[in-house]
Amino acid sequence: MGAAMDKFESEHSQPISWHRVLQAVRRYGPLARVDLGSILELSPATISSITGDLLREGYIREVADSDLHGVESGRGRGRPKVLIELAPDAACMIAVKLSINRIEVARGDFAGGVGPVTSRSLNTLELSGAALIAALGDLIAAEIAAIPASVGRIIGIGIAVQGLIHKTETLVWSPALSLRNFNIAAPLAARFGRPVIAMNDADCIALAIQQRGDLQPVENLAVVMLGTGVGMGLILGGKLHAASSGAGAEFGHTKYQIDGPLCHCGRRGCIESFVGDYALYRDARSMLDLPNTDALHPSEEQMQALVDLAESGHNVAVSLFKQAGRALGYGLSNLIALISPDLILITGSGVRGYRQMEPEMRRALDEALVDTLLAQTEIRPYPWDEDLTLRGIVLQVLEVGT
Ligand SMILES: [Zn+2]
(Lines give C-alpha, C1' and ligand atoms only; values in the text may rest on other atoms or scores of the structure.)
Protein backbone atom coordinates (compact mmCIF):
# COMPACT_ATOMS: atom_id res chain seq x y z
CA MET A 1 0.00 0.00 0.00
CA GLY A 2 3.09 2.26 -0.06
CA ALA A 3 2.28 4.78 -2.79
CA ALA A 4 -1.40 4.73 -1.96
CA MET A 5 -0.61 5.43 1.66
CA ASP A 6 1.29 8.57 0.68
CA LYS A 7 -1.81 9.81 -1.05
CA PHE A 8 -3.80 8.77 1.98
CA GLU A 9 -1.59 10.87 4.25
CA SER A 10 -1.32 13.88 1.95
CA GLU A 11 -5.09 14.01 1.52
CA HIS A 12 -5.82 14.38 5.14
CA SER A 13 -5.53 18.13 5.47
CA GLN A 14 -7.90 18.74 2.56
CA PRO A 15 -11.47 19.77 3.33
CA ILE A 16 -13.17 16.82 1.64
CA SER A 17 -10.76 14.13 2.59
CA TRP A 18 -10.46 10.42 2.98
CA HIS A 19 -9.74 11.20 6.60
CA ARG A 20 -13.21 12.62 7.27
CA VAL A 21 -14.91 9.72 5.54
CA LEU A 22 -12.82 7.16 7.43
CA GLN A 23 -13.51 8.86 10.77
CA ALA A 24 -17.25 8.90 10.09
CA VAL A 25 -17.32 5.25 9.02
CA ARG A 26 -15.28 4.32 12.11
CA ARG A 27 -17.73 6.11 14.34
CA TYR A 28 -21.10 5.36 12.73
CA GLY A 29 -20.46 2.33 10.52
CA PRO A 30 -21.51 0.03 9.14
CA LEU A 31 -23.66 2.46 7.22
CA ALA A 32 -25.12 3.11 3.78
CA ARG A 33 -23.47 5.61 1.44
CA VAL A 34 -26.59 7.78 1.53
CA ASP A 35 -26.37 8.03 5.35
CA LEU A 36 -22.66 8.77 5.18
CA GLY A 37 -23.47 11.56 2.72
CA SER A 38 -25.98 13.16 5.07
CA ILE A 39 -23.65 12.91 8.08
CA LEU A 40 -20.81 14.62 6.17
CA GLU A 41 -23.10 16.83 4.07
CA LEU A 42 -21.49 15.59 0.88
CA SER A 43 -23.21 14.89 -2.44
CA PRO A 44 -23.88 11.28 -3.54
CA ALA A 45 -21.37 11.75 -6.38
CA THR A 46 -18.59 12.87 -4.01
CA ILE A 47 -19.33 10.05 -1.56
CA SER A 48 -19.39 7.54 -4.36
CA SER A 49 -16.04 8.75 -5.68
CA ILE A 50 -14.27 8.77 -2.30
CA THR A 51 -15.68 5.42 -1.18
CA GLY A 52 -14.69 3.98 -4.57
CA ASP A 53 -11.09 5.03 -3.95
CA LEU A 54 -11.12 3.72 -0.38
CA LEU A 55 -12.58 0.38 -1.49
CA ARG A 56 -9.89 -0.03 -4.15
CA GLU A 57 -7.15 0.73 -1.63
CA GLY A 58 -8.57 -1.74 0.86
CA TYR A 59 -9.44 0.66 3.69
CA ILE A 60 -13.16 -0.05 3.62
CA ARG A 61 -15.28 -3.00 2.57
CA GLU A 62 -18.88 -3.58 1.61
CA VAL A 63 -21.27 -5.70 3.66
CA ALA A 64 -24.85 -6.58 2.83
CA ASP A 65 -27.36 -5.42 5.41
CA SER A 66 -28.64 -9.01 5.64
CA ASP A 67 -25.14 -10.21 6.62
CA LEU A 68 -25.41 -8.09 9.71
CA HIS A 69 -28.96 -8.72 10.78
CA GLY A 70 -29.50 -12.27 9.63
CA VAL A 71 -30.95 -13.48 6.34
CA GLU A 72 -34.51 -13.12 7.62
CA SER A 73 -34.36 -9.32 7.77
CA GLY A 74 -33.63 -9.11 4.04
CA ARG A 75 -36.71 -11.09 3.03
CA GLY A 76 -39.44 -9.24 1.18
CA ARG A 77 -37.52 -6.01 0.90
CA GLY A 78 -36.03 -6.60 -2.48
CA ARG A 79 -32.27 -6.25 -2.80
CA PRO A 80 -30.44 -6.07 0.53
CA LYS A 81 -28.91 -2.67 1.22
CA VAL A 82 -25.14 -2.44 0.83
CA LEU A 83 -23.38 -0.93 3.81
CA ILE A 84 -19.77 0.08 4.15
CA GLU A 85 -17.48 -0.49 7.10
CA LEU A 86 -13.76 -0.18 7.76
CA ALA A 87 -11.52 -3.09 6.88
CA PRO A 88 -10.08 -3.90 10.33
CA ASP A 89 -6.80 -5.26 8.93
CA ALA A 90 -6.05 -2.33 6.61
CA ALA A 91 -3.63 -1.05 9.26
CA CYS A 92 -3.03 -1.49 12.97
CA MET A 93 -1.54 0.19 16.02
CA ILE A 94 -0.15 -0.84 19.39
CA ALA A 95 -2.04 0.30 22.49
CA VAL A 96 -0.41 0.43 25.93
CA LYS A 97 -1.97 1.13 29.31
CA LEU A 98 0.41 2.07 32.11
CA SER A 99 -1.10 2.11 35.57
CA ILE A 100 0.10 1.51 39.13
CA ASN A 101 2.08 -1.77 39.15
CA ARG A 102 0.77 -2.89 35.78
CA ILE A 103 1.44 -2.57 32.06
CA GLU A 104 -1.09 -3.81 29.51
CA VAL A 105 -0.51 -4.07 25.76
CA ALA A 106 -2.84 -4.94 22.89
CA ARG A 107 -3.09 -4.50 19.14
CA GLY A 108 -5.70 -2.05 17.92
CA ASP A 109 -7.21 -2.58 14.47
CA PHE A 110 -8.11 -0.04 11.78
CA ALA A 111 -11.79 -0.14 12.73
CA GLY A 112 -10.97 0.85 16.33
CA GLY A 113 -11.25 -2.66 17.80
CA VAL A 114 -8.90 -3.93 20.52
CA GLY A 115 -7.37 -7.41 20.39
CA PRO A 116 -6.40 -9.71 23.29
CA VAL A 117 -4.54 -7.95 26.12
CA THR A 118 -1.14 -9.04 27.42
CA SER A 119 -0.30 -7.73 30.86
CA ARG A 120 2.69 -7.65 33.14
CA SER A 121 2.80 -6.83 36.85
CA LEU A 122 5.82 -4.95 38.14
CA ASN A 123 6.66 -2.38 40.75
CA THR A 124 6.18 0.73 38.63
CA LEU A 125 7.16 3.16 41.39
CA GLU A 126 10.66 1.67 41.54
CA LEU A 127 11.35 1.93 37.82
CA SER A 128 14.14 4.10 36.46
CA GLY A 129 13.52 5.76 33.11
CA ALA A 130 15.64 3.17 31.30
CA ALA A 131 13.90 0.27 33.06
CA LEU A 132 10.46 1.68 32.22
CA ILE A 133 11.36 2.08 28.54
CA ALA A 134 12.87 -1.43 28.48
CA ALA A 135 9.74 -2.97 30.07
CA LEU A 136 7.41 -1.12 27.70
CA GLY A 137 9.66 -1.83 24.72
CA ASP A 138 9.80 -5.59 25.35
CA LEU A 139 6.00 -5.87 25.57
CA ILE A 140 5.52 -3.72 22.47
CA ALA A 141 8.12 -5.73 20.53
CA ALA A 142 6.36 -8.99 21.42
CA GLU A 143 3.03 -7.55 20.30
CA ILE A 144 4.53 -6.37 17.01
CA ALA A 145 6.15 -9.76 16.43
CA ALA A 146 2.72 -11.38 16.71
CA ILE A 147 1.08 -9.27 13.98
CA PRO A 148 0.02 -11.55 11.11
CA ALA A 149 1.46 -10.79 7.67
CA SER A 150 -2.07 -10.09 6.36
CA VAL A 151 -2.34 -6.94 8.50
CA GLY A 152 -1.30 -3.59 7.00
CA ARG A 153 1.27 -1.18 8.35
CA ILE A 154 1.60 -0.11 11.99
CA ILE A 155 0.26 3.44 12.22
CA GLY A 156 1.79 4.18 15.59
CA ILE A 157 1.96 3.40 19.29
CA GLY A 158 -0.29 4.97 21.93
CA ILE A 159 0.29 4.95 25.69
CA ALA A 160 -2.50 5.71 28.15
CA VAL A 161 -1.19 6.82 31.54
CA GLN A 162 -2.70 8.13 34.73
CA GLY A 163 -1.31 11.59 35.41
CA LEU A 164 -0.24 14.77 33.75
CA ILE A 165 1.19 14.60 30.22
CA HIS A 166 2.84 17.44 28.36
CA LYS A 167 2.48 17.66 24.56
CA THR A 168 1.61 13.94 24.21
CA GLU A 169 5.17 12.90 25.08
CA THR A 170 6.37 14.03 28.50
CA LEU A 171 5.06 12.48 31.69
CA VAL A 172 5.10 15.46 34.02
CA TRP A 173 3.70 13.50 36.94
CA SER A 174 2.01 10.15 37.37
CA PRO A 175 0.86 8.38 40.54
CA ALA A 176 2.20 5.17 38.95
CA LEU A 177 5.79 6.39 38.71
CA SER A 178 8.48 8.11 40.75
CA LEU A 179 9.84 9.62 37.53
CA ARG A 180 9.05 13.26 36.85
CA ASN A 181 9.20 15.21 33.58
CA PHE A 182 10.16 12.10 31.69
CA ASN A 183 9.86 11.88 27.90
CA ILE A 184 8.23 8.48 27.47
CA ALA A 185 7.53 8.82 23.73
CA ALA A 186 10.88 9.73 22.16
CA PRO A 187 12.92 6.62 23.14
CA LEU A 188 10.10 4.29 22.02
CA ALA A 189 9.64 6.21 18.76
CA ALA A 190 13.40 5.83 18.17
CA ARG A 191 13.37 2.09 18.92
CA PHE A 192 10.35 1.23 16.77
CA GLY A 193 10.52 3.92 14.08
CA ARG A 194 6.84 4.78 14.55
CA PRO A 195 5.04 7.79 15.98
CA VAL A 196 4.34 7.40 19.71
CA ILE A 197 1.79 9.42 21.66
CA ALA A 198 1.06 9.42 25.38
CA MET A 199 -2.30 10.49 26.73
CA ASN A 200 -4.04 10.86 30.06
CA ASP A 201 -6.16 7.78 30.83
CA ALA A 202 -9.30 9.75 31.69
CA ASP A 203 -9.03 11.56 28.35
CA CYS A 204 -8.84 8.17 26.63
CA ILE A 205 -11.97 7.03 28.42
CA ALA A 206 -13.90 10.20 27.55
CA LEU A 207 -12.96 9.73 23.90
CA ALA A 208 -13.97 6.06 23.90
CA ILE A 209 -17.33 6.84 25.49
CA GLN A 210 -17.98 9.77 23.15
CA GLN A 211 -17.31 7.61 20.10
CA ARG A 212 -18.98 4.45 21.29
CA GLY A 213 -22.30 5.23 19.70
CA ASP A 214 -24.49 4.23 22.67
CA LEU A 215 -24.91 7.87 23.73
CA GLN A 216 -26.92 10.64 22.14
CA PRO A 217 -24.20 12.92 20.74
CA VAL A 218 -23.61 15.89 23.06
CA GLU A 219 -21.38 18.91 22.46
CA ASN A 220 -20.07 19.20 26.01
CA LEU A 221 -19.42 16.03 27.97
CA ALA A 222 -17.54 15.50 31.22
CA VAL A 223 -16.51 11.97 32.15
CA VAL A 224 -15.53 11.76 35.81
CA MET A 225 -13.33 8.78 36.65
CA LEU A 226 -13.54 7.43 40.16
CA GLY A 227 -10.97 4.88 41.29
CA THR A 228 -7.57 4.98 42.92
CA GLY A 229 -7.51 8.64 41.95
CA VAL A 230 -10.22 10.92 40.62
CA GLY A 231 -9.76 12.04 37.03
CA MET A 232 -11.81 13.70 34.35
CA GLY A 233 -11.92 13.74 30.58
CA LEU A 234 -13.62 16.77 29.14
CA ILE A 235 -15.10 17.09 25.68
CA LEU A 236 -15.93 20.68 24.76
CA GLY A 237 -17.59 21.61 21.49
CA GLY A 238 -17.27 17.98 20.43
CA LYS A 239 -13.48 17.93 20.91
CA LEU A 240 -11.26 16.66 23.70
CA HIS A 241 -10.08 19.50 25.88
CA ALA A 242 -6.34 19.77 26.40
CA ALA A 243 -4.65 22.87 27.69
CA SER A 244 -1.58 24.06 25.79
CA SER A 245 0.49 22.93 28.76
CA GLY A 246 -0.78 19.42 28.09
CA ALA A 247 -2.75 19.36 31.32
CA GLY A 248 -6.23 17.97 30.97
CA ALA A 249 -8.96 18.56 33.47
CA GLU A 250 -7.62 17.86 36.95
CA PHE A 251 -11.03 17.65 38.58
CA GLY A 252 -9.73 15.42 41.38
CA HIS A 253 -7.35 18.14 42.53
CA THR A 254 -9.86 20.95 42.70
CA LYS A 255 -10.42 21.87 46.33
CA TYR A 256 -13.19 20.88 48.65
CA GLN A 257 -11.76 21.71 52.08
CA ILE A 258 -8.96 24.10 53.00
CA ASP A 259 -6.41 22.23 55.18
CA GLY A 260 -8.36 19.01 54.59
CA PRO A 261 -6.91 15.49 54.34
CA LEU A 262 -3.64 14.85 52.50
CA CYS A 263 -3.98 14.10 48.80
CA HIS A 264 -1.72 11.94 46.59
CA CYS A 265 -0.64 15.15 44.85
CA GLY A 266 0.95 16.36 48.10
CA ARG A 267 -1.59 19.13 48.75
CA ARG A 268 -4.54 19.04 51.12
CA GLY A 269 -8.29 18.98 50.82
CA CYS A 270 -8.62 17.99 47.13
CA ILE A 271 -11.83 16.24 46.01
CA GLU A 272 -9.69 13.12 45.52
CA SER A 273 -8.59 13.15 49.15
CA PHE A 274 -12.23 12.36 50.04
CA VAL A 275 -13.42 10.31 47.05
CA GLY A 276 -10.36 8.36 45.80
CA ASP A 277 -10.18 4.68 46.77
CA TYR A 278 -7.03 5.25 48.81
CA ALA A 279 -8.72 8.09 50.71
CA LEU A 280 -11.88 6.12 51.49
CA TYR A 281 -9.86 3.11 52.60
CA ARG A 282 -7.43 5.19 54.65
CA ASP A 283 -10.30 6.86 56.50
CA ALA A 284 -12.08 3.54 56.97
CA ARG A 285 -8.96 1.94 58.43
CA SER A 286 -8.58 4.74 60.95
CA MET A 287 -11.98 3.78 62.39
CA LEU A 288 -12.47 0.11 61.56
CA ASP A 289 -10.44 -3.03 61.93
CA LEU A 290 -9.55 -3.57 58.27
CA PRO A 291 -6.63 -5.45 56.71
CA ASN A 292 -3.61 -3.38 55.76
CA THR A 293 -2.94 -2.54 52.16
CA ASP A 294 0.00 -1.19 50.29
CA ALA A 295 -1.12 2.31 51.23
CA LEU A 296 -1.26 3.50 47.63
CA HIS A 297 -3.56 0.94 46.30
CA PRO A 298 -6.39 -0.87 48.12
CA SER A 299 -7.44 -3.89 46.08
CA GLU A 300 -10.75 -4.22 44.26
CA GLU A 301 -11.82 -6.82 46.87
CA GLN A 302 -10.98 -4.47 49.75
CA MET A 303 -12.93 -1.62 48.16
CA GLN A 304 -15.89 -3.86 47.34
CA ALA A 305 -15.92 -5.05 50.96
CA LEU A 306 -16.14 -1.42 52.08
CA VAL A 307 -19.06 -0.79 49.73
CA ASP A 308 -20.77 -3.97 50.98
CA LEU A 309 -20.33 -2.75 54.55
CA ALA A 310 -22.05 0.53 53.66
CA GLU A 311 -24.82 -1.29 51.78
CA SER A 312 -25.44 -3.38 54.89
CA GLY A 313 -26.00 -0.14 56.81
CA HIS A 314 -22.77 -0.05 58.86
CA ASN A 315 -22.64 3.47 60.28
CA VAL A 316 -18.97 4.23 59.74
CA ALA A 317 -18.96 3.00 56.15
CA VAL A 318 -22.22 4.78 55.38
CA SER A 319 -20.89 8.08 56.69
CA LEU A 320 -17.63 7.74 54.70
CA PHE A 321 -19.50 7.37 51.42
CA LYS A 322 -21.83 10.21 52.43
CA GLN A 323 -18.82 12.45 53.01
CA ALA A 324 -17.33 11.37 49.68
CA GLY A 325 -20.66 12.05 47.96
CA ARG A 326 -20.75 15.49 49.47
CA ALA A 327 -17.24 16.35 48.27
CA LEU A 328 -18.09 14.98 44.82
CA GLY A 329 -21.34 17.00 44.72
CA TYR A 330 -19.57 20.25 45.58
CA GLY A 331 -16.87 19.49 42.99
CA LEU A 332 -19.52 18.87 40.33
CA SER A 333 -21.34 22.06 41.29
CA ASN A 334 -18.18 24.05 40.51
CA LEU A 335 -17.80 22.24 37.22
CA ILE A 336 -21.42 22.99 36.27
CA ALA A 337 -21.15 26.63 37.33
CA LEU A 338 -18.03 27.05 35.19
CA ILE A 339 -18.89 25.21 32.00
CA SER A 340 -22.42 23.73 32.19
CA PRO A 341 -21.70 20.43 30.45
CA ASP A 342 -24.74 18.87 28.76
CA LEU A 343 -23.93 15.58 30.41
CA ILE A 344 -21.70 14.40 33.26
CA LEU A 345 -21.00 10.67 33.41
CA ILE A 346 -19.57 9.13 36.56
CA THR A 347 -17.55 6.02 35.83
CA GLY A 348 -14.30 4.22 36.71
CA SER A 349 -13.98 1.28 39.10
CA GLY A 350 -15.08 3.61 41.92
CA VAL A 351 -18.58 3.75 40.43
CA ARG A 352 -19.16 0.65 42.62
CA GLY A 353 -19.80 3.08 45.50
CA TYR A 354 -21.99 5.48 43.49
CA ARG A 355 -25.27 4.33 44.99
CA GLN A 356 -23.90 5.05 48.45
CA MET A 357 -22.65 8.50 47.43
CA GLU A 358 -25.50 9.68 45.21
CA PRO A 359 -28.08 10.96 47.75
CA GLU A 360 -25.51 13.18 49.49
CA MET A 361 -24.02 14.21 46.14
CA ARG A 362 -27.47 15.37 44.97
CA ARG A 363 -28.06 17.20 48.26
CA ALA A 364 -24.74 19.03 47.89
CA LEU A 365 -25.60 20.01 44.30
CA ASP A 366 -28.97 21.36 45.47
CA GLU A 367 -27.28 23.39 48.21
CA ALA A 368 -24.58 24.73 45.93
CA LEU A 369 -26.37 25.61 42.73
CA VAL A 370 -29.47 27.57 41.74
CA ASP A 371 -32.08 25.39 40.04
CA THR A 372 -31.71 27.02 36.61
CA LEU A 373 -28.01 26.12 36.48
CA LEU A 374 -28.54 22.64 37.86
CA ALA A 375 -31.24 21.94 35.27
CA GLN A 376 -28.76 22.44 32.40
CA THR A 377 -26.74 19.34 33.17
CA GLU A 378 -27.69 15.70 33.39
CA ILE A 379 -25.58 13.60 35.77
CA ARG A 380 -25.64 9.83 35.70
CA PRO A 381 -23.40 6.81 36.35
CA TYR A 382 -21.88 4.95 33.39
CA PRO A 383 -21.06 1.24 33.79
CA TRP A 384 -17.33 0.73 34.18
CA ASP A 385 -15.55 -1.22 31.50
CA GLU A 386 -11.81 -1.84 31.84
CA ASP A 387 -11.42 -1.89 28.05
CA LEU A 388 -12.42 1.76 27.63
CA THR A 389 -8.88 3.05 28.27
CA LEU A 390 -7.24 0.93 25.57
CA ARG A 391 -10.14 1.60 23.21
CA GLY A 392 -9.67 5.35 23.69
CA ILE A 393 -5.93 5.35 23.01
CA VAL A 394 -6.55 3.25 19.87
CA LEU A 395 -9.06 5.84 18.63
CA GLN A 396 -6.65 8.67 19.35
CA VAL A 397 -3.77 7.07 17.44
CA LEU A 398 -6.11 6.42 14.51
CA GLU A 399 -7.40 10.00 14.72
CA VAL A 400 -3.97 11.61 14.55
CA GLY A 401 -2.32 8.96 12.38
CA THR A 402 -4.78 8.49 9.51
ZN1 LIG B 1 -4.68 16.61 45.07
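None of the values given here were measured: they were computed from a predicted structure.

Right, let's get into the overall build of the protein chain. Of the regular secondary structure elements, the protein chain holds 15 helices and 15 strands. Out of the 402 residues in the protein chain, the part that is buried amounts to 50%. For the protein chain, the proportion of contacts with a sequence separation of at least 24, taken over those separated by at least 6, is 64%. Summed over all atoms, the accessible surface of the protein chain reaches about 17800 Å², with 52% contributed by carbon and sulfur.

Turning next to the packing of helix 3 (residues 33-40) against helix 4 (residues 44-57). At their nearest, the axes of helix 3 and helix 4 sit 10 Å apart, and the two run at 115° to each other. Crossing hand, helix 3 versus helix 4: right-handed. Taking contact as the criterion, the partners of Arg33, Leu36, Gly37 and Leu40 in helix 3 are, on helix 4, Ile47, Thr51 and Leu55. Here the residues of the contact of helix 3 with helix 4 sort into four nonpolar, two polar and one charged.

A separate point is the packing of helix 8 (residues 201-210) against helix 15 (residues 388-401). Where helix 8 contacts helix 15, the axes come no closer than 7 Å and their chain directions differ by 80°. Here helix 15 runs roughly perpendicular to helix 8, going by the angle between their axes. For the pair helix 8 and helix 15, contact is made by Asp201, Cys204, Ile205, Leu207, Ala208 and Ile209 and by Leu388, Thr389, Arg391, Gly392, Ile393, Leu395 and Gln396, respectively. Across the contact of helix 8 with helix 15, the residue classes tally to eight nonpolar, three polar and two charged.

Coordination sphere of the zinc ion, protein contribution only: His253 (ND1), Cys263 (SG), Cys265 (SG) and Cys270 (SG), at 2.1 to 2.3 Å. Angles of 102 to 122° at the metal separate the four donor atoms of the zinc ion, which places the site in the tetrahedral class. For the zinc ion, the donor residues sit on a single chain with the sequence spacing H-x9-C-x1-C-x4-C. Of this pair, His253 sits in the loop between strand 13 (239-240) and helix 9 (272-275) while Cys263 sits in the loop between strand 13 and helix 9; the two residues are ten residues apart in sequence, bridging distant segments of the chain.

Before going further, it helps to spend a moment on unusual backbone geometry. Of the consecutive residues Gly29 and Pro30, the connecting peptide bond is found in the cis state with omega at 0°. In this fold, Pro30 is placed in the loop between helix 2 (18-28) and helix 3. With a phi angle near 65°, Asn101 is a residue other than glycine that sits in the positive phi range. Taking relative accessible area as the criterion, Asn101 reaches 26% and is therefore assigned partly exposed. A positive phi is found at Asp259, a non-glycine position, where the angle reads about 60°. Looking at the element boundaries, Asp259 is found in the loop between strand 13 and helix 9.

Counted at 1.5 Å a residue, the expected span for helix 15 with its 14 residues is 20 Å, and the 20 Å between its end C-alpha atoms agrees. Counting buried positions along helix 15 yields ten of 14 residues, so the element is predominantly enclosed. Residues of helix 15 that are buried include every one of Leu388, Thr389, Leu390, Gly392, Ile393, Val394, Leu395, Gln396, Val397 and Leu398, and no others. Those residues of helix 15 that are buried are in contact with helix 2, strand 3 (92-99), strand 4 (102-109), strand 6 (154-161), strand 10 (196-200) and helix 8.

Relative to the helices and strands, Val370 resides in the loop between helix 13 (354-368) and helix 14 (371-374). Exposure remark for Val370: the relative accessible area of 52% places this residue in the exposed category. Residues Val370 and Ser333 lie 37 residues apart in sequence; the distance between their C-alpha atoms is 9.8 Å.

Each pocket or cavity is described by its volume, and for the second largest pocket that value is around 760 Å³. Ser99, Gln162, Asp201, Gly227 and Thr228 are the residues nearest the centre of the second largest pocket, which is lined by 40 residues in total. For the lining of the second largest pocket, the secondary-structure elements that each account for two or more residues are strand 3, strand 4, helix 8, strand 11 (221-226) and strand 12 (230-236). Broken down by element, the residue count for the lining of the second largest pocket peaks at four residues, all from helix 8. In terms of residue class, the lining of the second largest pocket is built from twelve nonpolar, 17 polar and eleven charged.

This brings us to a nonpolar patch on the surface. A cluster of nonpolar side chains, namely Leu236, Leu338 and Ile339, defines an oily patch on the protein surface of about 270 Å² accessible area. Tracing the backbone through its elements, the reader meets Leu236 in strand 12.

Criteria and cut-off values
- Numbering of residues starts from 1 in each chain and follows the order in which that chain's sequence is written.
- For this predicted model, a pLDDT threshold of at least 70 governs which residues receive local features, and a threshold of 80 or more governs which side-chain atom pairs are given and counted, while totals over whole chains, interfaces and linings are taken from all residues.
- In computing side-chain properties, one takes all heavy atoms of the structure into account and sets aside hydrogens as well as water.
- Note on conventions: DSSP H or I runs of at least 4 residues are helices, E runs of at least 2 residues are strands, and numbering of each starts at the N terminus.
- We call a residue buried when its accessible area falls under 20% of the maximum for its residue type, exposed when it is over 50%, and partly exposed in between, using a 1.4 Å probe and counting protein chains only.
- When checking whether two residues touch, look at their non-hydrogen atoms; a contact exists if any pair is within 4.5 Å.
- Computed with the Shrake-Rupley method and a 1.4 Å probe, the accessible areas treat only the protein chains shown as cover for residues.
- Simply put, an axis is a line fit to the C-alpha atoms, just over the touching stretch for a helix, and the angle between two N-to-C directions goes from 0 to 180 degrees.
- Each crossing gets its hand from how the near helix is turned against the far one by less than a right angle, where anticlockwise is left-handed and clockwise is right-handed.
- Residues are grouped as follows: Ala, Val, Leu, Ile, Met, Phe, Trp, Tyr, Cys and Pro are nonpolar; Asp, Glu, Lys and Arg are charged; all remaining types, including Gly, are polar.
- Any angle between 65 and 115 degrees counts as roughly perpendicular, while under 35 counts as roughly parallel, over 145 as roughly antiparallel, and the rest as oblique.
- Here a donor is any nitrogen, oxygen or sulfur atom (N, O, S) within 2.8 Å of the metal, with 3.2 Å used for Na, K and Ca; water is not among the atoms considered, so some sites may look incomplete.
- Only two sets of limits are used to name each site, 85 to 135 degrees for every angle of a tetrahedral four-donor site, and over 155 degrees for opposite donors with all other angles from 65 to 115 for a square planar four-donor or octahedral six-donor site, with any other site named irregular.
- Helix span, expected: 1.5 Å multiplied by one less than the number of residues in the helix.
- A cavity here means a set of 1 Å grid points, computed over protein atoms only, where a 1.4 Å probe fits but cannot escape. A pocket is an open set with protein on both sides within 12 Å along at least 5 of 7 lines, and lining residues have an atom within 4 Å of a point.
- Grid points are joined across faces, edges and corners, and a volume is the space filled by probe spheres set on the points.
- Every patch collects residues that have over 30% relative accessible area and no salt bridge, joining them within 9 Å if they carry like charges and within 5 Å if they are nonpolar side chains (Val, Leu, Ile, Met, Phe, Trp, Tyr).
- Should a side-chain nitrogen of Lys or Arg be within 4 Å of a carboxyl oxygen of Asp or Glu, the pair is scored as a salt bridge.

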